[in-house]
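# Structure at a glance
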Amino acid sequence: MIEYRIKVARPLKNIFTDAWVWRMALRDARHNFSRLFLFAASLITGIAAVVAIGSINYSIQRDLDKNAKELLGADLVINSSKKIDSNLLKLLDSTNTEKAFDADMASMVLFLHNQQSRLIKLTALKGNFPFYGKLETKPANAYALMKSGKFALLDESLATQYEVSTNDSIKVGNTIFKVAGVVTKIPGGGGFTSTISPSVYISMDVLDSTGLVQFGSRVGYSLYLKTKEADTQAIIDKLEPTLKKLNYTFETVKSRKEGLGDALKSVYQFFALLAFMALLLGCIGVASAVHIYAKEKREEVALLRCIGSSGWQAFNIYFIQVFCVGLLGSAIGSALGIAIQQVIPIVFNDFIPAQLQFSLSWEALLEGLLLGSIISVLFTILPLISVRFVPPLSTLRAEVKQVKVVSKTRMVAILLIVLFPVLAAAYQTQSIVTGALFSIGLAVVLAGLYGIGALLLYLSRRFFPHHAAFTFRHALSNLFRPNNQTRVLVVAIGLGAFILATLNIIQNSLLNQVEFQGGKNQSNTILFDIQPKQKEGVLQLIKGTGLPMNQVVPMVTCRLAEVKGKSVETILNDSTDKRPEWAVSREYRVTYRDSLTKPETLLEGKLQRFEKGQKDSVFVTISEAMHETLEVNLGDSLVFDIQGVPIKTFISGIRKVEWSSDPPNFIFVFPSGVLENAPQIWVATTRIEDAVVSSKFQQQLVTRFSNVSLVDLRLILNTVNKLFSKVAVAIRFLSMFSIITGMIVLAGTVSNSKFVRMKEYVLLRTIGARTKQISAITLIEYAYLGFFAAMAGVVLSLGAGWLLTFFFFKIQFSVNAAELLLVTLGVISLTVVIGWLNSRSVISTPPLQVLRKEA
Amino acid sequence: MNDIVLKAEALTKTYTSAERQLTVLDEVSFEVAQGNTLSIIGPSGSGKTTLLGLCAGLDVPSSGIISLMGLKLNAMSEDDRAYVRNQYVGFVFQNFQLLQTLTALENVMVPLELRGEKNITVKAQHLLDRVGLGGRFNHYPSQLSGGEQQRVALARAFITSPKILFADEPTGNLDGENAALIEELLFGMNREEKTTLVLVTHNLELAAKTERVLRMKGGKLVEDSITALP
Ligand SMILES: Nc1ncnc2c1ncn2[C@@H]1O[C@H](COP(=O)(O)OP(=O)(O)OP(=O)(O)O)[C@@H](O)[C@H]1O
Ligand SMILES: [Mg+2]
């Protein structure tokens, strides 16, 4: 028996000590650089989006810390629904504080120069508000002028909309004000608030002259305090018992900052996830491109293994290449992200309080680079790992089957790839749950796109158009060439189409919802705050104008005093009581009647009339949601405090209320015969078809009943539309990143399959195809691809849109087919253009060059 | 005993496909001494390439032992076998197998670079000169004809001064004139380097130029003859 040696002293080198793999990587990359770079380019847009959004977030956080006081305009703000109590003011006298006041309420304004009117928020100011930051106006001295008498300031958007200029006059309540100027910046203002309810500012000294503050009008009072820094907490401690007793709330710089920070954080999270989506798409692009790259390198690897390279050495050569270009892509992406950050304020203006400024953030830049490096490792290892197991035998025999090797590296890579989106999204949103939910959602969407794409491709094969023109048939079969990345492309491009289409469906459904409500015979105009003595006059005006009288409802303001025999105070002080504070302590507006309205259905119990004589037993009905929130049931007792008078009631019925249809709707409904003599106001609803009639009616109403507020649903529709458009611009902006990523992935694929395509074209030429036909085939191929991708995206968006409207927005699903068609056509055109641009060089390659390479 | 470079003992290779077992090599045994030249002939499908692949450690036998330079290849890991090849083995393939992205010179240098040797450019240039490609160091494979590519492959095979050179139909893809040139270079360089040569070929004339001929048929070694060399 012969002794064989089976051990060899093979020197082990790692990637850092093995100069040879670096040299090979560089040599090999010379020829593949443009192609390799396209892998990396898939990352550029995603990283750019993530860095831009991240950088904005960091700079906002920084700014929030720096300018927190200017957001509130004071150290402490006390809010109340009643005039600030004199005892409280007396308490403050002994402290070293400066005071300013504001009172705001809804009111109609009449623009005298064009006789138009609308509902606005009237803000009356007194004192030197703001203590921090500036109330900026145009012209600059307008604020001082306003304080001096019957002058008003308007939010800039309002002035622009109604073409109001300085020296025009407006009528608010009974008083005519001269316009002193417009407010361009005010602490606590800006952003969405001025879109939803634009303000008119006047001096508090002239508020009473408007006659608007009377019984039933809902006025919010605020007291702004400037304290010495160290005093703030001491003052809060001193005031708190009184504030609690009075049912006042307060806000500090810290709580405002936190509140705003929270709000901005959700906005940031949403957009960060949109940006992250573009990045993940890039990752898929990278992985797919590297997969093809590794496949093509198999022959080379087999040879290298034949002449002595180890599996890891071969792997390292290509890993170095893709990692380096990945890093390059991330660097370019990060730089681009910082550049985009300069543009973003234009797109995101409406989400960001005007006081905040942007600056460059190094954290975001570093995060971008780090993220890029992680991706360049994670998403290239898996597709490249197969290189390690290429059998050297394939140098001798082309069709050696590669055995599937279960390697540890592969398992770890798969695990990390699955974890990556979860962890990265969790890091971005600072919430594991959000990260996990996002990843699951995205996985479902991607799987959906992949499934629909695969189905479409299957169908096009199954029902192949055998009788179509040669170019059409050939273009379609091109999609199925070996090593094709058609499905990945359908997913990548389809995701962009999906986001756009879903957005469109949501917007459409929301608008349709509001329009739908204004439609049919429903009310579209609501008149609030009608005093009992004005009731007849207002009704007369409605009738006189020839308008229908849809609802005339009394409204009584009250609070809860006792729930199921427990006083509200006890409930509030009991920390084990799970019922939310707001529900127990809020102000309720109730009505009285003995029947149900159209939006209401009785779920349990009955409507019970009030019968005189049976003194204690007043039976009310409650809305379904509040019955759950307050944890009260049929027969339970409630004591209402009606303007100081306690009234004990029992619940006799639970109503389901369709809140959005035919307002006003109520949580509590009393039987008639109980509240008739309580202080109350009336609400009337009507329907006005014509804009001119509406404008005339409003003008008369404002002139005769200046305190009555009119809500025009058409105006709300307008506002919703405007708001949504602003959100949509921002979403579209970010979904563009996904689309661009998809296009880069497409460009990468085209260059990946360059050689195969060249061979096809040469073959076609040899059998007599003209350049024109070859071009046609190319164009049609991309048109097919774009079509499949767009269809996958749009079909999926119909599903997602339906789910979102049904479960999340709870509105009717509505689709604008023309706009979806536009999305489809846009995606197809873009695909064709990008594909064509990348194919030109292939089409124009002389055939001989291809034959040489064949050898 | 020490001068046995390659030793095969009862080499058997079976492929299990679907339900059938296919024995493509059946108990093949032979040994090759240092400096010997040997060719393997036989009809298509007789298992020549399979045998060559096993001898070079590109594949593992189903049973039997294969040892190269006293190293038992069966038991080694894929990477260890690659290392052994790099140390002792040279290859010439029917389809040249040059790295398309490397120049002729770089292709020749790769095996020595893998060993981590330095200052090898001169040696590689010298070898390219030897195969008549002195002026084409920086040409890429796509700029060379088939015959020229195979000459680059020869230079690459000899640069490590291998103990044994495996060639599978080295002239199979070439026309007569180029084939003759490659033959001449192959045998010439082999003599100069005193390399052991194992050559698979269909070409009986070519086989007749080696000292020994193994004839395969249906996976069996059916004849082992010494050639009457001129
Ligand atoms: N992976 C495999 N699975 C099944 N059978 C295989 C496999 N590889 C090779 N064979 C079979 O093994 C037999 C021997 O093949 P081999 O390539 O060694 O023949 P050869 O003598 O080199 O032929 P040629 O002269 O045509 O190159 C053939 O019948 C082939 O079909
Ligand atoms: Mg063969």
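Residues numbered from 1 in each chain as written. Chains lettered and ligands numbered in written order. Predicted model: local features only at pLDDT ≥ 70, side-chain atom pairs only at ≥ 80, totals over all residues. Heavy atoms only, no water.

This part is about the overall build of chain B. Helix and strand counts for chain B come out as 7 helices and 10 strands. Its C-alpha radius of gyration of 18 Å places chain B within 12% of the 17 Å reference for a compact globule of 230 residues. Viewed in the frame of its principal axes, chain B has a C-alpha envelope of about 50 × 40 × 40 Å. Taking all 230 residues of chain B together, 57% fall into the buried category. (Helix = DSSP H or I, 4+ residues; strand = E, 2+ residues; numbered from the N terminus. Rg over C-alpha atoms; globule rule 2.2 N^0.38 Å. Buried < 20%, exposed > 50% of the residue type's maximum accessible area, 1.4 Å probe, protein only.)

Size of an interface: often given as the accessible area lost when the parts come together. Taken together, the 47 residues of chain B in the interface contact 38 residues of chain A. Approximately 3800 Å² of surface area, both sides summed, lies buried where chain B meets chain A, with 60% of it carried by carbon and sulfur atoms. Remark: the boundary between chain B and chain A carries 5 salt bridges. The residue E106(B) makes a salt bridge to R27(A) at a minimum N-O spacing of 3.6 Å. (Contact = heavy atoms within 4.5 Å. Buried area = accessible area lost by both parts, 1.4 Å probe. Salt bridge = Lys/Arg side-chain N within 4 Å of Asp/Glu carboxyl O.)

Turning to the site of ligand 1, a few remarks are in order. Residues in contact with ligand 1 amount to 13 residues; listed here are only the nearest, R397(A), S44(B), K48(B), T49(B) and T50(B). Among the chains of the assembly, those with residues near ligand 1 are chains A and B. In the environment of ligand 1, an oxygen atom lies 2.5 Å from a nitrogen or oxygen atom belonging to the side chain of T50(B). Between ligand 1 and H202(B) there is a distance of 3.0 Å, counted from an oxygen atom to a side-chain nitrogen or oxygen. A total of 640 Å² of accessible area belongs to ligand 1 in isolation, and the protein chains cover 65% of it. Breaking the shell around ligand 1 down by element, the ones donating at least two residues are β2 (20–33) and α1 (48–55) of chain B. (Near = heavy atom within 4 Å. Polar contact = N/O pair within 3.5 Å; in protein donor to acceptor, adjacent residues only side chain to side chain. Areas by Shrake-Rupley, 256 points an atom, 1.4 Å probe, with all protein chains shown as cover.)

Right, let's talk about unusual backbone geometry for a bit. Note that the residue after F129(A), namely P130(A), is joined by a cis bond; omega there is -5°. Looking at the element boundaries, P130(A) is found in the loop between β3 (116–127) and β4 (136–138). Going from K138(A) to P139(A), the amide bond is cis rather than trans, its omega being -10°. Looking at the secondary structure, you find P139(A) in the loop between β4 and α4 (142–147). One non-glycine residue, A10(B), lies in the positive phi region at around 50°. Examined against the element boundaries, A10(B) turns out to sit in strand β1 (residues 4–17). The class of A10(B) is partly exposed, set by a relative accessible area of 27%. Backbone geometry at F96(B) places phi at a positive 65°, although glycine is not the residue there. Residue position: F96(B) is located in the loop between β6 (89–92) and α3 (104–115). We classify F96(B) as buried; its relative accessible area is 6%.

Let us now look at the pattern of salt bridges. Under the defined criterion, the tally for this structure stands at 31 salt bridges over all chains. Between D75(A) and K69(A) there is a salt bridge, and its shortest N-O distance comes to 3.6 Å. For D75(A), a relative accessible area of 3% corresponds to the buried category. For R215(B), the salt bridge identified is with E223(B), shortest N-O distance 3.2 Å. Given a relative accessible area of 35%, R215(B) falls into the partly exposed group. Salt bridges sharing common partners tie together R23(A), R27(A), R30(A), E106(B) and E113(B).

Here the focus is the sheet that holds strand β9 (residues 212–217) of chain B. Residue and element names in this part refer to chain B. With mixed pairing, the 6 strands of this open sheet are ordered in space as β6-β7-β8-β3-β9-β10. The sheet is open, and its two edges are formed by β6 and β10 (220–226), each paired on a single side. Between one strand axis and the next, the sheet turns by 15° as a mean value, whatever way the strands run. Taken together, the 4 bridges between strand β3 (residues 37–41) and β9 define a ladder with parallel strand orientation. (Pairing = 2+ DSSP bridges. Axes fitted to C-alpha atoms, helices over the stretch in contact; angles between N-to-C directions.)

All names here are of chain A. Remark: helix α1 (residues 19–66) packs on helix α8 (residues 253–296), axes separated minimally by 9 Å, with the N-to-C direction vectors making an angle of 175°. As far as their axial angle goes, α8 and α1 are roughly antiparallel. Counted by class, the contact of α1 with α8 contains 23 nonpolar, 8 polar and 5 charged residues. (Parallel < 35°, antiparallel > 145°, perpendicular 65-115°, else oblique. Nonpolar A, V, L, I, M, F, W, Y, C, P; charged D, E, K, R; others polar.)

All names here are of chain B. Taken in spatial order, the 4 strands make up an open sheet running β2-β1-β4-β5, and their pairing is antiparallel. Looking along the sheet, the strands with just one partner apiece sit at the ends: β2 and β5 (71–72). Where β1 lies against strand β4 (residues 63–68), 5 bridges are found, and the strand directions are antiparallel. Note on β4: the bridge partner recorded for E9 is I65. Contacting β1, β2 and β4, α1 crosses the sheet at an angle of about 60° to β2.

Averaged over all residues, the pLDDT of chain B is 90; the fraction at 70 or higher stands at 98%. Model confidence for the complex: the whole-complex pTM is 0.76, and ipTM, which rates the interface, is 0.91. (pLDDT = per-residue confidence, 0-100.)

The subject of this paragraph is helix α12 (residues 408–429) of chain A. Side chains three or four residues apart in an α-helix point the same way, a direct result of the helix having 3.6 residues per turn. Taking 1.5 Å per residue, 22 residues should reach 32 Å; α12(A) reaches 31 Å between its end C-alpha atoms and fits that length. Trailing α12(A) by a residue or two, Q430(A) shows a phi angle of about 55°, which is positive. (Expected span 1.5 Å × (residues − 1).)

Another aspect to go through is the environment of D529(A). All names here are of chain A. By secondary structure assignment, the location of D529 is in strand β11 (residues 525–530). Among the residues examined, D529 registers a relative accessible area of 12% and is labelled buried. In this structure, the C-alpha to C-alpha distance between D529 and A106, residues 423 residues apart in sequence, is 9.8 Å.

As a further point, take the side chain of S55(A). Residue position: S55(A) is located in helix α1. Sequence-distant contacts of S55(A), defined by excluding residues within four places in its chain, comprise I338(A), Q341(A), S359(A), L360(A), S361(A) and A364(A).

Moving on, we get to the packing of aromatic side chains. Residues and elements named next belong to chain A. The full count for this structure, using the stated rule, is 23 aromatic pairs over all chains. Arranged with centres 6.2 Å apart and planes meeting at 80°, the rings of Y293 and Y318 form a pair that is edge-to-face. Of this pair, Y293 sits in helix α8 while Y318 is found in helix α10 (residues 311–348), placing the two residues 25 residues apart along the sequence. We note that Y293, like Y318, is buried. Ring geometry for Y784 versus F788: centroids 6.4 Å apart, planes at 15°, classification stacked. Residue Y784 and its partner F788 are both found in helix α23 (residues 771–809); the two are separated by 4 residues, about one turn of the helix. (Phe/Tyr/Trp six-rings, centres within 6.5 Å; stacked < 30°, edge-to-face > 60°.)

Looking at chain A as a whole, its pLDDT mean stands at 84, while 94% of the residues score no less than 70. Within chain A, helix α25 (residues 847–854) of chain A has the poorest average pLDDT of any element, 55, and strand β19 (residues 668–670) of chain A the best, 94.

We now examine the domain arrangement of chain A. Each assigned domain of chain A is listed with its residue range as follows: domain 1 (23–73 + 253–404), domain 2 (98–226), domain 3 (444–522 + 712–855) and domain 4 (551–686). One C-alpha centre belongs to domain 3 of chain A, the other to domain 4 of chain A, and the line joining them spans 54 Å. (Domains from an automatic or database assignment.)

Another aspect to go through is the pairing of strand β18 (residues 645–657) of chain A. Residues and elements named next belong to chain A. Sheet topology places strand β15 (residues 600–605) next to β18; 5 bridges connect them, and they run antiparallel. Residue pairing across strands places T601 opposite K656, the latter belonging to β18. Strand direction decides the pairing type here: strand β16 (residues 618–623) and β18, joined by 6 bridges, are parallel. Along β18, the bridge assignment pairs V620 with I651. Bridge count for strand β17 (residues 637–642) against β18 is 6 bridges, and the pairing is antiparallel. Residue pairing in the sheet places V639 in a bridge with K648 of β18. Adjacent in sequence and paired antiparallel, β17 and β18 are bridged by 2 residues, among which Q643 carries a positive phi angle near 50°.

Okay, the pairing of strand β8 (residues 199–203) of chain A next. Residue and element names in this part refer to chain A. Burial of β8 is extensive: 5 of the 5 residues sit out of reach of the surface. Across the two faces of β8 the burial is the same, with S199, Y201 and S203 and V200 and I202 all buried. For β3 and β8, the ladder comprises 5 bridges, and the chain directions are parallel. In the sheet register, T123 faces β8, and the bridge partner there is Y201. Examined bridge by bridge, strand β5 (residues 151–155) and β8 share 2 bridges and lie antiparallel to one another.

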